[in-house]
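The lines below spell out each chain.
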Amino acid sequence: DGGITQSPKYLFRKEGQNVTLSCEQNLNHDAMYWYRQDPGQGLRLIYYSQIVNDFQKGDIAEGYSVSREKKESFPLTVTSAQKNPTAFYLCASGGQGLYGYTFGSGTRLTVV
Amino acid sequence: QKEVEQDPGPLSVPEGAIVSLNCTYSNSAFQYFMWYRQYSRKGPELLMYTYSSGNKEDGRFTAQVDKSSKYISLFIRDSQPSDSATYLCAMSVRGGGSNYKLTFGKGTLLTVNP
């Protein structure tokens, strides 16, 4: 089945640590996206990539980094510079317009 | 003014009720309109999409778009407890290349009580 796989489902990070969230898709989509979701704030765009080896900052990129070395993969690193990283992180990929994005099942990151 | 406005609710209705969820938008360049359903601790899933003014029906769900008023709605008939979720509206405009950028509403939390 085609889809997007995010791992892990739950992740715990100690303060000062970097962590990497995985996102893999087999939908052959060019574009991939990372969103952060907090209660009452909707989806906020962190980074997006429209093609391999290219990515752009979204609205809240500070404290995050990404890479896009393969079409299928778009990992997100939450660095120690991100002051409030506890949130639900969603990865998505998109074809063209009419069909919107396909989302993964999310990773819940908690700082302990 | 935000590009997409959506009443966050929460909205609580009895089973069998007709539910109306709404979004307004300010960007007349939006071309495609979608509704996503998100269950608790899950990723959003595409429920309905449309690109023209008017109604589109799929089972108990009807999506309505009024481009002249910049207003979209999702109606749920004979609502069920399994419809309890957060509903997000989304709209897209062409971004760079052949890809379209989505703008999301903040979502409306719906609870259908048995």
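Please refer to the structure higher up on the page.
Residues numbered from 1 in each chain as written. Chains lettered and ligands numbered in written order. Predicted model: local features only at pLDDT ≥ 70, side-chain atom pairs only at ≥ 80, totals over all residues. Heavy atoms only, no water.

### Remarks on the overall build of chain B
- Looking only at helices and strands, one finds 0 helices and 11 strands in chain B.
- Counting helices and strands in the order they occur from the N terminus, chain B gives β-β-β-β-β-β-β-β-β-β-β.
- Rg of the C-alpha trace for chain B: 14 Å, near the compact-globule value of 13 Å for 114 residues, within the 12% margin.
- On the principal axes, the C-alpha backbone points of chain B span a range of 45 × 30 × 25 Å.
- Per-residue burial over chain B gives 42% buried out of 114 residues.
- In chain B, 55% of the contacts between residues at least 6 apart in sequence involve partners at least 24 apart.
- Accessible area of chain B: about 5500 Å², with a carbon and sulfur share of 47%.
- Charge-centre separation for chain B: the mean point of 12 positive side chains lies 8 Å from the mean point of 10 negative side chains. (Helix = DSSP H or I, 4+ residues; strand = E, 2+ residues; numbered from the N terminus. Rg over C-alpha atoms; globule rule 2.2 N^0.38 Å. Buried < 20%, exposed > 50% of the residue type's maximum accessible area, 1.4 Å probe, protein only. Contact = heavy atoms within 4.5 Å. Areas by Shrake-Rupley, 256 points an atom, 1.4 Å probe, with all protein chains shown as cover. Lys, Arg positive; Asp, Glu negative; His and termini not counted. Charge placed at Lys NZ, Arg CZ, Asp CG, Glu CD.)

### Focus on the pairing of strand 11 (residues 107-111) of chain A
All names here are of chain A.
- Pairing of strand 2 (residues 10-13) with strand 11 involves 4 bridges; the strand directions are parallel. Opposite Tyr-10, over in strand 11, you have Arg-108 as the bridge partner.
- In the sheet, strand 9 (residues 87-94) pairs with strand 11 via 3 bridges, with the strands oriented antiparallel. When the sheet's bridge partners are listed, Phe-88 is paired in strand 11 with Arg-108. (Pairing = 2+ DSSP bridges.)

### So, the pattern of salt bridges
All names here are of chain A.
- All told, the structure shown has 6 salt bridges over all chains when counted by the stated rule.
- One salt bridge in this structure joins Lys-71 and Asp-30, with 3.4 Å as the shortest N-O distance. One end of the pair, Lys-71, is in the loop between strand 7 (64-66) and strand 8 (76-78); the other, Asp-30, is in the loop between strand 3 (19-25) and strand 4 (31-38), and 41 residues separate them in sequence.
- The partner of Arg-44 in a salt bridge is Asp-38, with the nearest N and O atoms 2.8 Å apart.
- The exposure class assigned to Arg-44 is partly exposed, which follows from its relative accessible area of 24%.
- The exposure class of Asp-38 is buried, given its relative accessible area of 12%.
- Through salt bridges with shared partners, a single network forms among Arg-36, Asp-38 and Arg-44. (Salt bridge = Lys/Arg side-chain N within 4 Å of Asp/Glu carboxyl O.)

### Topic: the sheet that holds strand 8 (residues 71-76) of chain B
Residue and element names in this part refer to chain B.
- Spatially, the 5 strands line up as an open sheet ordered 1-3-8-7-6, and their pairing is antiparallel. Strand pairing shows two members of the sheet lacking a second neighbour, strand 1 (4-6) and strand 6 (54-58), which therefore form its edges. Going across the sheet, the axis of each strand differs from the next one's by a mean of 15 degrees, ignoring polarity.
- Direction of pairing for strand 1 relative to strand 3 (residues 19-25): antiparallel, over a ladder of 3 bridges. Of the residues in strand 3, the one forming a bridge with Gln-6 is Cys-23. (Axes fitted to C-alpha atoms, helices over the stretch in contact; angles between N-to-C directions.)

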